[in-house]
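Report on the structure
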Amino acid sequence: MIGNPIPEARTAALVHQVLDEATAEAAPGAVAVGDRAGRWTYSELSEYSHAVDAWLESCGVGLGDRVLVQLPSTRELVALFYGTARRGAVLVPLNPGMKEYHLRSVLANAEPRLVIATDAAAAGIGGISPVPVLGFGELWPEVSALRNAAARASTAEVDPDDVAVLVYTSGSTAAPKGVICPHRQMVFASEAINRELGYRPDDVVFCRFPISWDYGLYKILLAALGRSELVLADGDSDLVLLKRIRESGATVVPIVPSLAAMICALAERDPAPESSKVRMFTNTGAALPKTTVDALRTAFPGAEVIRQFGQTECKRISVLPPEFEDSKPTSVGRPLPGTRVLILDEAGMELPIGETGEIVVEGPHVMPGYWRAPELTAKAFRTDPVSGQRRLHTGDFGSMDEDGFLYYEGRRDDMFKRKGVRMSTIEIEAAAMDIPGVQAAAVLPPSEDRDLAVCVVGDLPPHTVLRELSLRLEPAKVPGLCQTVDELPLTLHGKHDRRKLATLFEGTTP
């Protein structure tokens, strides 16, 4: 078992207190967050968050009520995040790309008090939502008026163990599952990560990822902890990413491998290393190839590339300090401060250094479980009968070295990541089975020589299957390849024989 010392005592124990402390300590006029439409200082962001709090109170939203939002990542969504936390309510941020197929199950599971969506989407969601659905254009003038009037809601008595956010993520079931994220765990995880990364007041954090994904969501807290500026760029075209990084003066750029490769390709076509201010790239989602690391270092001289590893269920597990990039190039880092990592065998016994087993995590960042899913919670979140510590059984496998560094070796179930997004074969197969005319479906995770692929039994042509899946799934979850077959080969145990199915795609490109 490998662990790091507990961090020093914190003053902020609630999500919105992180903003309050940043506002009090940031230089006058320090920029907190910006998007294509403009920028807000910390004082302005704080004022808008109080206005959101007052507006939610006027809507009858109280402690523990869920507020589901399906909006693009803008300054206003950041204010909604902090304002909902002030109210003691629970933010449920959904990717704007989530289709009705999954949205129905999330609405049924979360049972929100209120739904907020873009004006264009509000009417459609209203047709399937049992609660009021408000278009963003309808509500924001009211929030702005409250901000101009310096409105303040009655103080809500929020406890650090109250839930701040439900993050819906893919799981071992067809429907997304909601990870319960209390204030205490979110603040601890953010501060522990920042102790490793060290965001600063002169940093400009360029965030390409949606706030509905925890990688984007936690950038809000990390930027506030560093008194840094957060640039929201989720809606920008891929073609202008490099230009935006340069124009924004970005110093910190969170990446996943696909985004890193895109940035490298753009920099190769338009080299201007002298214009870069980037000092740090932080990677998660999947392993970053050494060739990409080298390309980033060439295009952005002096920039460090930092590997990270984690799950939404505890936010982050490990960070590899940049000074170990060359000496431990295959490691995903050491445990966060104040946390522990164990490598256990199938019987739950701790394995010796160097041996491969399940990665199990202990620490104040381990979330309580999944929203209204006791069976799934019991499987992943367990209490050690000896120590009494709550543990996250990640389902990931790896090993530790003698210096306490973690090595990830993959999952042994149906989960995988593509384009930085975590997903499962089961949910994609369920979406395929929802298509009229599809009798059976099997999904093959992407490999080194093949993209994400789906095989279906039915009379539909492959392009029709892929088009129908694009109507049911977020873009990253839509396979790149499809084959129709008369029947799906099965193993002796009655499971899909993916080895035989893979032969149908031999010769394709990843």
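Residues numbered from 1 in each chain as written. Predicted model: local features only at pLDDT ≥ 70, side-chain atom pairs only at ≥ 80, totals over all residues. Heavy atoms only, no water.

Re unusual backbone geometry
Backbone geometry at E111 places phi at a positive 45°, although glycine is not the residue there. Residue placement: E111 occurs in the loop between α4 (100–110) and β6 (114–117). Relative accessible area serves as the criterion here: at 47%, E111 is assigned to the partly exposed category. Not every positive phi belongs to a glycine, and A150 is a case in point at roughly 55°. Inspection of the secondary structure puts A150 in the loop between α6 (136–148) and β8 (163–169). (Helix = DSSP H or I, 4+ residues; strand = E, 2+ residues; numbered from the N terminus. Buried < 20%, exposed > 50% of the residue type's maximum accessible area, 1.4 Å probe, protein only.)

Details of the sheet that holds strand β25 (residues 453–458)
As summarised here, the arrangement of the 3 strands in space is β24-β25-β26, forming an open sheet in which the pairing is mixed. If you trace the sheet from one side to the other, it starts and ends with β24 (438–444) and β26 (481–485), each paired once. Sheet twist, expressed as the average angle between the axes of neighbouring strands with direction ignored, equals 20°. Looking at chain direction, β25 and β26 are connected through 5 bridges and run parallel. Bridge assignment links V456 to a residue of β26, and that residue is T484. Across the sheet, helix α14 (residues 462–470) is in contact with β25 and β26; its angle to β26 comes to roughly 125°. (Pairing = 2+ DSSP bridges. Axes fitted to C-alpha atoms, helices over the stretch in contact; angles between N-to-C directions. Contact = heavy atoms within 4.5 Å.)

Re the packing of aromatic side chains
Summed over the entire model, instances satisfying the criterion amount to 12 aromatic pairs. Relative to Y48, the ring of W40 has its centre 4.2 Å away and its plane inclined at 15°; by these criteria the two rings are stacked. For the pair formed by W40 and Y48, the shared burial category is buried. The structure contains a cluster of three or more aromatic residues connected by ring pairs, namely W40, Y48, F136 and W140. (Phe/Tyr/Trp six-rings, centres within 6.5 Å; stacked < 30°, edge-to-face > 60°.)

Examining the pattern of salt bridges
Enumeration over the complete set of coordinates arrives at 34 salt bridges. As a salt-bridge pair, D401 and K328 come within 2.9 Å of each other at their nearest N and O atoms. Pair noted here: D401 is in the loop between β20 (390–400) and β21 (406–411) and K328 is in the loop between β15 (318–319) and β16 (334–335), with a separation of 73 residues, a long-range link. Look at K328 and you get buried, because its relative accessible area is 11%. With its nearest N and O atoms 3.5 Å apart, the salt bridge here joins R391 to D384. We note that R391, like D384, is buried. Linked through salt bridges whose partners overlap, the residues forming this network are R340, E362, D384 and R391. (Salt bridge = Lys/Arg side-chain N within 4 Å of Asp/Glu carboxyl O.)

Some thoughts on the packing of helix α1 (residues 15–25) against helix α8 (residues 214–226)
The interhelical angle for the contact between α1 and α8, taken along N-to-C directions, is 35°, at an axis separation of 8 Å. Every pair of crossing elements has a handedness; the one defined by α1 and α8 is left-handed. Residue-level contacts link V15, V18 and A22 of α1 to L221, A224 and L225 of α8. Of the residues in the contact of α1 with α8, the class split is 6 nonpolar, no polar and no charged. (Left-handed = near helix turned anticlockwise from the far one by under 90°. Nonpolar A, V, L, I, M, F, W, Y, C, P; charged D, E, K, R; others polar.)

Regarding the pairing of β6
Going residue by residue along β6, you find L114 and I116 tucked away on one face and V115 and A117 tucked away on the opposite face as well. Two elements, β6 and strand β7 (residues 133–135), share 3 bridges in a ladder whose sense is parallel. Residue I116 lies in a different strand from β7, and its bridge partner there is L134. In this fold, β6 hands off to helix α5 (residues 119–126), which returns the chain to β7; that crossover is right-handed. (Right-handed = clockwise from strand over helix to strand, strands pointing away.)

A look at the layout of surface pockets
Considering only enclosed or pocket space, the largest pocket measures out at about 1200 Å³ in volume. Lining the largest pocket are 40 residues, and of these P257, G285, A286, A287 and K417 sit closest to its centre. Breaking the lining of the largest pocket down by element, the ones donating at least two residues are α10 (257–269), α11 (290–299), β14 (304–309), β21 and β22 (415–418). In terms of residue class, the lining of the largest pocket is made up of 15 nonpolar, 13 polar and 12 charged. Approximately 960 Å³ is the volume attributed to the second largest pocket. Together, 39 residues line the second largest pocket, and N95, P210, W213, K419 and V421 are the ones closest to its centre. (1 Å grid on protein atoms, 1.4 Å probe; cavity = no way out; pocket = protein on both sides within 12 Å on 5 of 7 lines; lining within 4 Å. Points joined across faces, edges and corners; volume = space filled by probe spheres on them.)

Quick notes on the nonpolar core
Ranked by size, the top nonpolar core spans 114 residues in total, and within it F81, Y82, M186 and L296 carry the most contacts. The contacts of Y82, once residues within four sequence positions are left out, are V15, H16, L19, L45, S49, I220, L221 and A224. V90, V133, V163 and L166 belong to the second largest nonpolar core, which has 20 residues in total. (Core = buried A, V, L, I, M, F, W, Y, C linked by side-chain atoms within 4.5 Å.)

A few points about α1
Turning to α1, its buried residues are V15, H16, V18, L19 and A22. All buried residues of α1 project into a common sector of 150° when viewed along the axis, lining one side. What points out from α1, more than 90 degrees from its buried face, is the exposed set A24 and E25. Buried positions along α1 lie against α2 (42–58), α3 (75–87), β8, α7 (183–197) and α8. (Arc of directions from axis to C-beta.)

Description of the packing of α7 against α8
Between two packed helices, what matters for the description is the angle formed by their axes and the separation of those axes. Between α7 and α8, the least distance of the axes is 9 Å, while the angle of their chain directions is 60°. Relative to α8, the element α7 lies oblique. Helix-helix and strand crossings are classified by hand; for α7 and α8 the assignment is right-handed. Contacts from M186, A189, S190, E191, I193 and N194 of α7 reach α8 at L217, Y218, L221, L222, L225 and G226. (Parallel < 35°, antiparallel > 145°, perpendicular 65-115°, else oblique.)

Quick look at the pairing of strand β3 (residues 38–41)
Where strand β2 (residues 31–35) lies against β3, 4 bridges are found, and the strand directions are antiparallel. Bridged to D35 within β3 is G38. Between the antiparallel neighbours β2 and β3 lie 2 residues.

Purely spatial values, then, with no claim about function.
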